[in-house]
Amino acid sequence: MSLKKGGPPPAPSTGASGVQISMLSQPTNKIPTVTAGYDNEKHNGSRSNNASVNQTKFIRPEMADVPVQQAAGSTLPLVISKKKGGGADDSDDVNYNPFEHRKVEHPTSDLETFVHLLKGSLGSGILAMPMAFLNAGLWFGLVATFLVGTLCTYCVHILVKCAHILCRRRKIPMMGFADVAEQAFLDGPVGLQRWSRFIRFVVNTFLVIDLIGCCCIYLVFVGTNVKQVVDFYMEDSETDIGIRLWIVIITVPLIFMCLVRNLKFLTPFSMVANLLMFVGIIITCTYLFSDTPATTERVGVADVAQWPLFFGTVIFALEGIGVVMSLENDMRNPTHFIGCPSVLNLGMGVVITLYTFVGFFGYLKYGSETAGSITLNLPVEDKLAQSVKLMIAIAIFFTFTLQFYVPMSIIWKGIQHKIAPEKQNWSEYALRVGLVVLCGAIAVALPNLGPFISLIGAVCLSTLGMIVPSIIELAVYHEDPGYGRFNWRLWKNVFLICFGIIGFVTGTYVSILEFHAEFSH
């Protein structure tokens, strides 16, 4: 959306996070803005006492990397405060409450946010949890899933807490993930400040890779389940449709579905997908409790060489950090999102418990035969099992369009300003078609669920879920309030960064070895 200089303000448009924004463009710059001035009269008694203080309009940048007026190489507004750390001696920083200045059209209650968190975290990853236990062992997987889940939850706490601190320091009502990372670097040591634009680019890039990777996994998942059911009824036929051809067949209708630019028209598909997924998982769980073998028949602790695959799969399944800031930004009471108890703790507690439950009993049931998705282990000759495979396949098929919306929005908002206005319409459609075809091509090239899931988890989510939040906290706490006694915050974050790097390197390496072994055969 563009506006000539001096014209009336544009009508608000809804961004990917659901928050209304408006785009104000100048000859070379575009700034997504939210009007959220600091009310000095409210906090200091009278307007006359602050007549000389200009009421600032603050920016609420989108998560997409949109070029705007630069402030120290940043896309965030340059707001000068008396004390960078916003300590107790700076009354303005203490009095400013970002939550009071948020303009959310339809704020969500704690219960609604809890439900959205469950929906955002309970996806196809839960179906891969038995495979994670296969690579960890029954008892080691039980303990390690809770430990990795706890670390993921704690890193989300770090991200949201740092976002709240930065909002107060800079007097900005709300921030996205990339905004928090960029602002943290601007508030950090001098050596980090020059990298503020780069860390924003890194966060957005890994978000796009993660979500595009999920779309590719969805194609493989749908194709594998549909193929299994169709092959059962065509086993006497000479026609054998391979998994790669099924992925191509499934990709074709998705090209047309992803041309829909308004999420409102995709809402019915989302409702159908949620219902089918819920029913499918419930029925799947009933199969796990029939003729369950003794725990002594399963490996308690798997070979260490397989642990990286476990780590990549679990963090792929559990990590919902990409949606966290959007959920927190839309809350009626954002302070209830973190803390103890909190929406985040309760939501992730339920998610970790359910994932551990499915992983434990799925591996206990099928042992070394456990497939990349537990639905592939269900008896294909059973009519109910066939319905489950197709229900979940349809649910994932519809979910593709919703998952595709976010990376498409990030990429488009990053390149839109470089395209002439008269070419933007067909250029956006071309980009949509190109991205879906790219997802299909990647899925055709790598049609193996197991190492694919582990690769995405190891590369993207170890970076976004552990490494980046830890670096953000180190930057935010650099001056005030510091790293604590014995620099405990420093050592804690160094441990999390090292843990994430080890998971990144080993998970990627082992996943590539799995792909190499598959292609060698």
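Anything mentioned here points back to the structure above.
Overview of the structure. Please read these numbers as outputs of a predicted model, since none were measured by experiment. (Residues numbered from 1 in each chain as written. Predicted model: local features only at pLDDT ≥ 70, side-chain atom pairs only at ≥ 80, totals over all residues. Heavy atoms only, no water.)

1. A closer look at helix 16 (residues 449-476)
Given 3.6 residues to a turn, an α-helix orients residues that are three or four positions apart in the same direction. To keep it simple, the criterion reads: What counts as a helix is a DSSP run of H or I of at least four residues, what counts as a strand is a run of E of at least two, and both are numbered from the N terminus. The span expected for a helix works out to 1.5 Å for each residue beyond the first. Take the seven residues that end at a residue and the seven that start at it, fit an axis to each, and the angle between those axes is the bend at that residue. Burial status follows relative accessibility: with a 1.4 Å probe on protein chains alone, a residue under 20% of its type maximum counts as buried, one over 50% as exposed, and anything between as partly exposed. For this analysis, a polar contact is any N or O atom pair within 3.5 Å, provided that within protein one partner can donate a hydrogen and the other can accept it, and provided that sequence-adjacent residues contribute only side-chain to side-chain pairs.
With 28 residues, helix 16 should reach 40 Å at 1.5 Å per residue; the first-to-last C-alpha distance of 38 Å fits that figure. The sharpest bend along helix 16 reaches about 45° and sits at Leu-461. Of all the 28 residues making up helix 16, 27 are buried; the element is thus mostly covered by neighbouring parts of the structure. For helix 16, the capping residue at the N-terminal end is Asn-448, with a side-chain oxygen 3.2 Å from the backbone nitrogen of Gly-450.

2. As for the side chain of Ser-470
Here is the rule we go by: Any two residues whose heavy atoms approach within 4.5 Å at even a single point are treated as in contact.
In this structure, Ser-470 sits in helix 16. The exposure class assigned to Ser-470 is buried, which follows from its relative accessible area of 0%. Apart from residues lying up to four places away in sequence, Ser-470 is in contact with Asn-493, Leu-496 and Ile-497.

3. Observations regarding the nonpolar core
Under the convention used in this document: For the purposes of this section, nonpolar cores are sets of buried Ala, Val, Leu, Ile, Met, Phe, Trp, Tyr and Cys residues that join through side-chain atoms within 4.5 Å.
If you look at the biggest cluster of nonpolar residues, it comprises 132 residues, and the most contacted ones within it are Phe-337, Phe-400 and Ile-472. For this core, the element with the highest residue contribution is helix 8 (residues 196-233), accounting for 17 residues. For Ile-472, the contacting residues outside a window of four places in its chain are Leu-159, Cys-162, Phe-177, Val-180, Ala-181 and Ala-184.

4. Focus: the pattern of salt bridges
Rule in force here: Salt bridge criterion: a side-chain nitrogen from Lys or Arg within 4 Å of a carboxyl oxygen from Asp or Glu.
This structure, assessed with the given rule, holds nine salt bridges. Two residues, Arg-169 and Asp-187, come together in a salt bridge whose shortest N-O distance is 3.4 Å. With a gap of 18 residues between them, Arg-169 in helix 5 (residues 138-170) and Asp-187 in helix 6 (residues 177-187) connect regions that are remote in the sequence. Comparing Arg-169 with Asp-187, the two get one shared label, buried. Note that Arg-200 and Asp-179 form a salt bridge whose closest N and O atoms lie 2.8 Å from each other. Of this pair, Arg-200 sits in helix 8 while Asp-179 is found in helix 6, placing the two residues 21 residues apart along the sequence. What makes Arg-200 buried here is its relative accessible area of 1%. Residues participating in the shared-partner salt-bridge network are Arg-169, Arg-170 and Asp-187.

5. Describing helix 11 (residues 307-318)
A rise of 1.5 Å per residue sets the reference length of helix 11, with its 12 residues, at 16 Å; its end C-alpha atoms lie 16 Å apart and thus fit the reference within 8%. Within helix 11, 11 of the 12 residues are buried, leaving the element largely enclosed by the surrounding structure. Among all positions in helix 11, only Pro-308, Leu-309, Phe-310, Phe-311, Gly-312, Thr-313, Val-314, Ile-315, Phe-316, Ala-317 and Leu-318 are buried.

6. Regarding the environment of Gln-193
Mapping Gln-193 onto the fold places it in helix 7 (residues 190-193). For the pair Gln-193 and Gln-183, spaced 10 residues apart in sequence, the C-alpha to C-alpha distance is 8.9 Å. A distance of 3.5 Å separates the side chain of Gln-193 from the backbone oxygen of Leu-186, its partner in a polar contact.

7. Some thoughts on the state of the cysteines
By definition, a disulfide links the sulfur atoms of two cysteine residues through a covalent bond. Convention followed: The disulfide definition used here is simple: a pair of cysteine sulfur atoms within 2.5 Å.
Inspection of the entire model under this criterion finds zero disulfides. Looking at Cys-460, it has no disulfide partner, and the nearest cysteine sulfur is the one in Cys-214, 8.1 Å off. Residue class for Cys-460 comes out buried when judged on its relative accessible area of 0%.

8. Examining the packing of aromatic side chains
Formally: Aromatic contacts are taken between Phe, Tyr and Trp rings whose centres are within 6.5 Å, Trp giving its six-membered ring; a plane angle under 30 degrees counts as stacked, one over 60 as edge-to-face, and the others as tilted. Any Lys NZ or Arg CZ found within 6 Å of a ring centre and within 35 degrees of that ring's normal is scored as a charge over the ring.
Applying the stated rule across the entire model yields 16 aromatic pairs. Summarising the aromatic geometry, the rings of Trp-139 and Phe-360 are spaced 5.6 Å apart at their centres and angled 55° between planes, so their arrangement reads as tilted. Here the residue Trp-139 occupies a position in helix 5, and Phe-360 occupies one in helix 13 (residues 343-366), the gap between them amounting to 221 residues. Ring geometry for Phe-269 against Phe-398: centres 5.0 Å apart, planes inclined by 50°, an arrangement best described as tilted. Placement of Phe-269 in helix 10 (residues 267-288) and of Phe-398 in helix 14 (residues 383-415) is noted, with a sequence separation of 129 residues between them. For Phe-269, a relative accessible area of 31% puts it in the partly exposed group. Given a relative accessible area of 16%, Phe-398 falls into the buried group. A network of ring pairs unites the aromatic residues Phe-133, Trp-139, Phe-289, Phe-357, Phe-360 and Phe-361 as a single cluster. The side chain of Lys-365 reaches across the aromatic face of Tyr-366, ending 5.9 Å from its centre.

9. Notes on unusual backbone geometry
Between Cys-340 and Pro-341 the backbone carries a cis peptide bond, its omega angle lying at -5°. Tracing the chain through its elements places Pro-341 in the loop between helix 12 (321-329) and helix 13. A positive phi angle, near 60°, is found at Phe-486, a position not held by glycine. Turning to its location among the elements, Phe-486 is positioned in the loop between helix 16 and helix 17 (488-520). For Phe-486, a relative accessible area of 67% corresponds to the exposed category. The residue Asn-487 is not glycine, and still its phi comes out positive at about 55°. One can find Asn-487 in the loop between helix 16 and helix 17.

Shape descriptors only; they carry no functional weight alone.
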